[in-house]
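One letter stands for each residue in the lines below.
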Amino acid sequence: MASGPTANVDLELIESAKRKAAFKAVEDHFDSSFSYVGIGSGSTIRYGVEAIAAHLKANPPAKGHNIMFVPTGYQSNELVRRARLLPLPFDSLPDDVTLDVAFDGADEVDEELNCIKGGGACLFQEKLVAMRSKKFVCIADYRKNQKRLLTAWPSIPIEVAPFAEYEVLRALRLLGSPDPVTRLNADSKAGPLKTDQGFFIVDAPFPQLLTDGGEAAGTDGSGKNGIYSVERLARKIKMIIGVLEVGLFFGENGYEAQSRGKQGGQKPVAVYFGLENGETEKRTWDRPRTSITATLPSGFTTPKDTPRSMPHGTLPSSPAPSQNQLRTQLVNAILSRPDHAGRGYSFDERDNAGGIT
């Protein structure tokens with residue numbers, strides 16, 4: 001590891017990059033009219049709190065309006081308190097409240113904005129807060145920007161019940177992790193590190209993870225030959241008895257979730273990377289829309305009056321089906337395909353376009 005003046009310059013550069021990314025993210029996504037804001041954990045979020053405090057000093061809320069800040073752990077609670085902001089524990093949120101925004105960092109981010117989180121051992125609370133927010137905005141420095149997960153960051157953090165520690169380690173090895181280990185305190189004599197829930201953190205290395213695009217291009221991400229997609233590996237790990245949560249944040253972002261009547265999503269709506277040259281890069285990702293429809297029987301038209309092809313055969317000729325019948329046939333056809341078995345299916349009634357989720 002580098003030491004001396006060069007190491008100090010590198011550290012200053014990294015911290016400066018984090019700070020600039022945080023201020024830009026807050027500028028774009030925070031407003032003094034908000035009521036509830038999530039505050040994540042880790043080395044970057046202190047700059048997010050600093051930026052929020054500066055924004056509120058320059059743009060005070062309306063008289064009598066209070067903003068409650070929901071921390072994801074002890075560290076972020078202290079940051080909120082020291083900035084003279086108002087902390088609110090997650091389990092004290094009113095049932096009908098969705099957070100206006102959550103700011104958090106990441107250990108690594110891939111090209112589709114899937115994230116590895118949990119280096120600070122707060123992944124369970126971080127996922128709770130992200131899923132309760134209209135939008136999760138991620139702040140990171142240039143080192144975290146990778147094409148695929150597990151490129152620079154070596155392992156996936158997993159929160160585990162202490163009683164199940166060895167069973168989880170065994171199950172992870174069976175999934176293909178070569179050397180999963182239980183994370184120790186900085187002073188190893190103190191034993192395993194414990195989360196705010198009193199659980200352990202297991203760090204499990206795996207080969208680089210495929211994105212959805214990698215799977216769509218034809219690479220098998222089911223775990224065959226040890227290669228997994230982000231989603232498939234996260235779901236397999238989560239199914240292990242004794243696992244509380246997995247440090248892979250994937251799937252829908254908040255905007256996508258709300259468009260489907262849900263509350264929030266694990267994936268960030270945007271990631272702000274502080275760069276080495278002093279600039280900030282904003283990254284977003286739009287999920288490619290997959291239209292799954294059928295060549296329609298004679299006499300049936302869509303609202304757009306456009307026949308559509310289905311890649312694995314066509315529906316049998318029959319009297320013009322109802323919209324519900326057509327939907328059912330499409331879903332059955334897709335879910336019968338082995339590469340989509342067990343995956344969800346959505347159908348957009350606005351234009352008869354469906355999609356695998």
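Our subject in this report is the structure included herewith.

Conventions and cut-offs
Residues numbered from 1 in each chain as written. Predicted model: local features only at pLDDT ≥ 70, side-chain atom pairs only at ≥ 80, totals over all residues. Heavy atoms only, no water. Helix = DSSP H or I, 4+ residues; strand = E, 2+ residues; numbered from the N terminus. Expected span 1.5 Å × (residues − 1). Buried < 20%, exposed > 50% of the residue type's maximum accessible area, 1.4 Å probe, protein only. Polar contact = N/O pair within 3.5 Å; in protein donor to acceptor, adjacent residues only side chain to side chain. Contact = heavy atoms within 4.5 Å. Pairing = 2+ DSSP bridges. Axes fitted to C-alpha atoms, helices over the stretch in contact; angles between N-to-C directions. Core = buried A, V, L, I, M, F, W, Y, C linked by side-chain atoms within 4.5 Å. Phe/Tyr/Trp six-rings, centres within 6.5 Å; stacked < 30°, edge-to-face > 60°.

## Looking at helix H2 (residues 45-58)
Here comes step 1: Here H2 contains 14 residues, and its C-alpha end-to-end distance of 20 Å stays within 8% of the 20 Å for a straight helix at 1.5 Å per residue.
Here comes step 2: Those residues of H2 that sit buried are Ile45, Tyr47, Gly48, Val49, Ala51, Ile52, His55 and Leu56.

## Considerations on the side chain of Glu165
Here comes step 1: Tracing the chain through its elements places Glu165 in helix H5 (residues 165-175).
Here comes step 2: In this structure the side chain of Glu165 is engaged in a polar contact, spanning 2.6 Å, whose partner is the side chain of Thr182.
Here comes step 3: If near-sequence neighbours (up to four positions away) are discounted, Glu165 is found in contact with Val160, Thr182 and Phe200.

## Brief notes about the sheet that holds strand S14 (residues 280-283)
Here comes step 1: Reading across from one edge, S3-S2-S1-S4-S7-S13-S14 is the order of the 7 strands in this open sheet, with mixed pairing throughout. Of all strands in the sheet, those bounded by a partner on one side alone are strand S3 (86-87) and S14.
Here comes step 2: When strand S7 (residues 136-141) meets strand S13 (residues 270-274), the two strands line up parallel, connected through 5 bridges. Pairing of Val137 across the sheet is with Ala270, part of S13.
Here comes step 3: The strands touched by H2 within the sheet are strand S1 (36-39), strand S2 (68-71), strand S4 (101-104) and S7, with S1 carrying the most contacts at an inclination of about 150°.

## Things to note about unusual backbone geometry
Here comes step 1: Positioned with a positive phi, Ala121 is a non-glycine residue whose angle comes to about 65°.
Here comes step 2: Among the structural elements, Ala121 can be located in the loop between strand S6 (115-116) and helix H4 (123-131).
Here comes step 3: Relative accessible area serves as the criterion here: at 8%, Ala121 is assigned to the buried category.
Here comes step 4: Not every positive phi belongs to a glycine, and Asn225 is a case in point at roughly 65°.
Here comes step 5: Within the secondary structure layout, Asn225 lies in the loop between helix H6 (212-216) and helix H7 (230-238).
Here comes step 6: Overall, Asn225 belongs to the exposed group, its relative accessible area being 73%.

## Regarding the sheet that holds S6
Here comes step 1: Reading across the sheet, the 3 strands line up as S5-S6-S12 and stay open at both edges, with antiparallel pairing between neighbours. Each edge of the open sheet is held by one strand with a lone partner, namely strand S5 (108-109) and strand S12 (248-249).
Here comes step 2: Where S6 and S12 come together, 2 bridges link them in antiparallel fashion. Bridge pairing links Cys115 to Phe249 in S12.

## Comments concerning the nonpolar core
Here comes step 1: Membership of the largest hydrophobic core comes to 27 residues, with the highest contact counts inside it found for Ile156, Leu172, Phe206, Leu209, Ile237 and Leu248.
Here comes step 2: Put simply, the parts of the chain that give this core at least two residues each are strand S8 (156-160), H5, strand S10 (200-204), H7 and strand S11 (243-246).
Here comes step 3: Per-element accounting of this core gives the leading share, 5 residues, to H5.
Here comes step 4: Grouped together as the second largest cluster of nonpolar side chains are 26 residues, Ala25, Ile67, Leu85 and Val269 included.

## Let's talk about the environment of Leu85
Here comes step 1: Here Leu85 shows up in the loop between helix H3 (74-82) and S3.
Here comes step 2: For Leu85, a relative accessible area of 12% translates into the label buried.
Here comes step 3: Residues Leu85 and Ile52 lie 33 residues apart in sequence; the distance between their C-alpha atoms is 9.4 Å.
Here comes step 4: Leave out the neighbours within four places in its chain, and Leu85 touches Val49, Ile52, Leu56, Phe69 and Val80.

## What about the packing of aromatic side chains?
Here comes step 1: Taken as a whole and assessed by the stated rule, the structure comprises 2 aromatic pairs.
Here comes step 2: Centre to centre, the rings of Phe206 and Tyr228 are 6.0 Å apart; their planes meet at 90°, and the pair counts as edge-to-face. Taken together, the residues Phe206 in the loop between S10 and H6 and Tyr228 in the loop between H6 and H7 connect sequence positions 22 residues apart.
Here comes step 3: A relative accessible area of 8% means that Phe206 is categorised as buried.

## Focus: the pairing of S8
Here comes step 1: In terms of residue burial, S8 counts as a mostly covered element, since 5 of its 5 residues are buried.
Here comes step 2: Residues Ile156, Ile158 and Val160 point to one face of S8 and Pro157 and Glu159 to the other, with burial holding for every one of them.
Here comes step 3: When S8 meets S10, the two strands line up antiparallel, connected through 5 bridges. Note on S10: the bridge partner recorded for Pro157 is Asp203.

## Re the side chain of Thr211
Here comes step 1: The residue Thr211 is located in the loop between S10 and H6 in this model.
Here comes step 2: A distance of 3.4 Å separates polar atoms of two side chains, one belonging to Thr211 and the other to Glu112.
Here comes step 3: Apart from the residues lying within four places of it in its own chain, the contact partners of Thr211 are Asp110, Glu111, Glu112 and Lys147.

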